[in-house]
Amino acid sequence: MTTNSKNLSQNFLALTFCLAIFVPLSLSAQTVQEKSSEGSTSEVSTSTPSDSTAINAPWFRLEKLNGDNFNQGDFVVGPGRIEIEGKPGETIVKEISVTNRISDNRTFELTVEDIEGSDDPDTSVVLLGAEKGPYTIKDYVSFPNKTFTLNLGERAWVPVTISIPPNAEPGGFYGSILISTIRESENASNETAKSPVIARVGTLFFLTVPGDIKREGYTKELSLMNKKWWYESGPINLNILYENKGSVHLNPYGEIRIKNTFGEEVGFLEIEPWFALPESLRTREVTWDREMLFGRYVATAHINRGYDDIIDEVSTSFWVLPWKIVGGTFLVVFIIIFAVRIFFRTFEFKKKA
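Analysis parameters
- Residues numbered from 1 in each chain as written.
- Predicted model: local features only at pLDDT ≥ 70, side-chain atom pairs only at ≥ 80, totals over all residues.
- Heavy atoms only, no water.
- Core = buried A, V, L, I, M, F, W, Y, C linked by side-chain atoms within 4.5 Å.
- Buried < 20%, exposed > 50% of the residue type's maximum accessible area, 1.4 Å probe, protein only.
- Helix = DSSP H or I, 4+ residues; strand = E, 2+ residues; numbered from the N terminus.
- Contact = heavy atoms within 4.5 Å.
- Pairing = 2+ DSSP bridges.
- Axes fitted to C-alpha atoms, helices over the stretch in contact; angles between N-to-C directions.
- Patch = residues over 30% accessible without salt bridge, like charges linked within 9 Å, V, L, I, M, F, W, Y side chains within 5 Å.
- Areas by Shrake-Rupley, 256 points an atom, 1.4 Å probe, with all protein chains shown as cover.
- Salt bridge = Lys/Arg side-chain N within 4 Å of Asp/Glu carboxyl O.
- Polar contact = N/O pair within 3.5 Å; in protein donor to acceptor, adjacent residues only side chain to side chain.

### Topic: the nonpolar core
What tends to happen in soluble globular proteins is that the nonpolar side chains get buried as a cluster. By size, the foremost hydrophobic cluster in this structure holds 31 residues, and its most contacted members are Ile96, Val98, Phe148, Ile162, Ile177, Phe205 and Leu207. Contributing elements (two or more residues each) for this core: β2 (74-78), β3 (81-85), β4 (91-101), β5 (106-116), β8 (147-150), β9 (154-163), β10 (171-184) and β11 (196-209). If near-sequence neighbours (up to four positions away) are discounted, valine 98 is found in contact with Phe75, Val76, Val77, Phe108, Phe148, Leu150, Glu154, Arg155, Ala156, Val158 and Ile179. In this structure, Tyr231, Ala276, Ala299 and Phe318 belong to the second largest nonpolar core, which totals 25 residues.

### A closer look at the environment of methionine 225
Secondary-structure assignment places methionine 225 in the loop between β12 (217-224) and β13 (230-231). Excluding its chain neighbours within four sequence positions, the residues that come into contact with methionine 225 are Tyr231, Asn237, Asn239 and Glu285.

### Re the sheet that holds strand β14 (residues 236-244)
In spatial order, the strands read β12-β14-β17; together these three strands make up an open sheet with antiparallel pairing. Single-partner strands in this sheet number two, and they are β12 and β17 (280-288). Direction aside, neighbouring strands of the sheet carry axes that sit 20° apart on average. Pairing analysis gives nine bridges linking β14 to β17, with the strands arranged antiparallel.

### Examining a nonpolar patch on the surface
Residues Ile336, Val340, Phe343 and Phe344 make up a contiguous nonpolar surface patch of about 410 Å² in total accessible area. Relative to the elements of secondary structure, phenylalanine 344 occurs in helix α2 (residues 323-352).

### Quick look at the side chain of asparagine 100
Relative to the helices and strands, asparagine 100 is located in strand β4. One polar contact links the side chain of asparagine 100 to the main-chain amide nitrogen of isoleucine 102, over a distance of 2.9 Å. Within the structure, asparagine 100 has its side chain in polar contact with the backbone oxygen of leucine 150 (distance 3.1 Å). Excluding residues within four positions of it along the chain, asparagine 100 makes contact with Asp74, Phe75, Arg106, Phe108, Leu150, Asn151, Leu152, Gly153 and Glu154.

### Concerning the pairing of strand β19 (residues 311-320)
The alternating pattern of β19 places Asp312, Val314, Thr316, Phe318 and Val320 on a buried face, while none of Ile311, Glu313, Ser315, Ser317 and Trp319, on the opposite face, is buried. When β13 meets β19, the two strands line up parallel, connected through two bridges. Counterpart to tyrosine 231 in the pairing with β19 is valine 320. By the bridge criterion, 10 bridges tie strand β18 (residues 295-304) to β19 in an arrangement that is antiparallel. Bridging across to β19, valine 298 finds its partner in serine 317.

The structure is reproduced here in structure tokens:
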């Protein structure tokens, strides 16, 4: 055998050996890759229902309440007020709750209106409708959706997003998130006579952007309801009048102490914080619920303005004179005096005789 033939034979054997090893390895690798692909396909198939559920889920948190006493013909919104402090460029999300106590398949709608204070102390806020207020919050508020549907006894926790512009100026911004639904008139006698009644309930939103803001307010007076100064009996109704002259809302609070004719403290009332919008007057009504009263009383209010720990002191006085008791007492005294005088006149006449 020549040298070339010998080399050719050796190369053929080497090639045969390589093919014998490579082909099984390639088939094994292909099998592993196919198994891996099958596993990946299986994972995608498993995750599809989860993704579908997330897409079909409501954009608010839904809660089914326990019990069966929900058919009250109304709906409940809470909380009544949300106060927020945020910096320019910041985004804040708050939730409001809506509880359906009307009927199944009830649709609710979300709207935003600006609010402002009033010179009428008995009016806490004024809704401005489509108009923009001097402290508008309309452009800052958004919802994922403006309508949602609830069945009877369900509660929705609706997210409200407040996006503060980067160029927002320091101060207060005020509005109300209103939830409305349409109901049919209960007094209608037939289908054609029925008229829709739009019910609206709102949550107040108070946004404060810190910075160079003006806080200025004071307690103007403490007075009696309807300016009365004389009562027959308790309870006694008192009014605290507060004026806010600043650029942000204030939350005054305090106490009222009541003393009798002898200077003894006979009553104490704690005043929880209430709000006053910028450039407005606000009244806080307080009741001293005590029945057995007699004489002159002095009520003194110590009101914290809601900033810098400044305390205002205002007072008022009133009388409690039960006319039936007073009249009866005077009548008894008169009868006694008259009887005594008659007695002594008769005794003196008999003595002379």
